Amino acid sequence: MPSSTPTSLDGFHSQWLTEELRQAGTIAAASRVETVRIERLGEGEGFVGDLARLHLGYSGEPGPATVVAKIPTAVDLNRAMGRALGVYEREVMMYREILPSLPVPHPTVHVGRYEADGTEASELERIKRANRLPMALLRLLVRSEQKNARVPPCVLLLADIADELGDQVAGCDVERAATVLATAADIHAPTWGVRSPQSQHWLTGGDVAPRVFDAVYRNNRREFERRANTTFSEHSQRVLRSLRRNGAGRIRHLHTQAPTCLLHGDLRLDNIFFSPEGTVSAIIDWQTANLGPAVLDVGYFITGSLGHDVPESTIDDLLDVYHQRLLANGVEDYSLKQLHADYDQALRVLLHRMSAIGGLDFGDARGQELLDRWLMRFDARLARVTP
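Computed from a predicted model, the values in this text were never measured in an experiment. (Residues numbered from 1 in each chain as written. Predicted model: local features only at pLDDT ≥ 70, side-chain atom pairs only at ≥ 80, totals over all residues. Heavy atoms only, no water.)

## Some thoughts on the overall build of the protein
Here is step 1: In terms of helices and strands, the protein carries 13 helices and 10 strands.
Here is step 2: Relative to the compact-globule value of 21 Å for 387 residues, the protein shows a C-alpha radius of gyration of 21 Å, a close match.
Here is step 3: Seen along its three principal axes, the alpha-carbon backbone of the protein occupies a region of about 65 × 50 × 45 Å.
Here is step 4: Long-range contacts, defined as pairs at least 24 residues apart, comprise 77% of the intrachain contacts of the protein with a sequence gap of at least 6.
Here is step 5: Treating the 43 positive side-chain charges of the protein as one cloud and the 50 negative ones as another, the clouds have centres 9 Å apart. (Helix = DSSP H or I, 4+ residues; strand = E, 2+ residues; numbered from the N terminus. Rg over C-alpha atoms; globule rule 2.2 N^0.38 Å. Contact = heavy atoms within 4.5 Å. Lys, Arg positive; Asp, Glu negative; His and termini not counted. Charge placed at Lys NZ, Arg CZ, Asp CG, Glu CD.)

This is the structure:
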């Protein structure tokens, strides 16, 4: 009998791994996984997923000595948030349906499994209907959804990558940031405008339900402001308070004025591998991929990665690097002037979206340090924004 899909990191046993790796063609039909040693990967590496490196021993012809396993997080609060956002099905489908046809550096997928429970296809329409509810009811619905931690079995087995993984806590220098932004343009350009993938229940835009996002913001606003205001300048606090007025309207406005493309959605150093030559060799964690304005990826990476002492003139230079790469990739309908204007608007939308972290458990040590550094860097970038 086939063994059941693991729902915890301790559930990766030799029989299941043998069946799945044979079916994927990763190991020969006569090979068998005999031993499994589970090395849990570090705290603060993933907030809605748990990661482990599996060290495998074989009988017969050997397969990969290690693979990386990813499953929904064991933290109920974070798993419920992941379920509400549909991240688990989305990442599996991105690896299956979208990434193979794009010039995007990503790891080889040995196994990608999401055991749908039959409710997924109706989820998008349900979200659209919820978007029309009065805000008070919508906030209650969001709270209810964020308490439902049940997730169908979902597993990714990815090739282990030996290259250097970025470190968001440490941040990066301007040269590395320019490399990442050039790679981001390589991702965005092939799906720019009319070439964007078709919207479907597991891949939508941030404008599909802006009032739902605003309800998440309102539910978490006080906790986020309490945390941010220990770091933010008075200017940044005013920008943050200004979001109370029309968060949903800002989302709609940005999505209306800027061209749509495929976004990674969580473009930060912890999700990027670098080759010895300094190029981007792989981008991981496609759970929050979506369709929307490219500046959301650009602003998200900049606010999370560059030190607070980097001047805005250097940020402008990096935006120019990104824009030049778009032009080299054939994007001709997006001026540098519009990119700058959209970037300023994106900072507000990203700050509004970041409020959701008030509802996440960042754990101890590295997770908390990551959040503190992120807020410090975001504070510096908000200097260009008018409250």
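Additional details are given in the paragraphs that follow.
## Focus: the pattern of salt bridges
Side-chain pairs of opposite charge can arise whenever the charged atoms involved come near each other.
Here is step 1: Enumeration over the complete set of coordinates arrives at 25 salt bridges.
Here is step 2: One salt bridge in this structure joins Arg53 and Glu39, with 3.3 Å as the shortest N-O distance. Here the residue Arg53 occupies a position in strand β2 (residues 49-59), and Glu39 occupies one in strand β1 (residues 32-40), the gap between them amounting to 14 residues.
Here is step 3: The partner of Arg366 in a salt bridge is Asp270, and the shortest N-O contact between them spans 2.8 Å. Here Arg366 is found in helix α13 (residues 366-381), whereas its partner Asp270 is found in the loop between β7 (260-263) and β8 (272-274), with 96 residues between them in sequence. Residue Arg366 shares its accessibility class with Asp270, and that shared class is buried.
Here is step 4: One continuous salt-bridge network, built from bridges that share partners, spans Asp167, Asp266, Arg268, Asp270 and Arg366. (Salt bridge = Lys/Arg side-chain N within 4 Å of Asp/Glu carboxyl O. Buried < 20%, exposed > 50% of the residue type's maximum accessible area, 1.4 Å probe, protein only.)

Geometry only, nothing functional implied.
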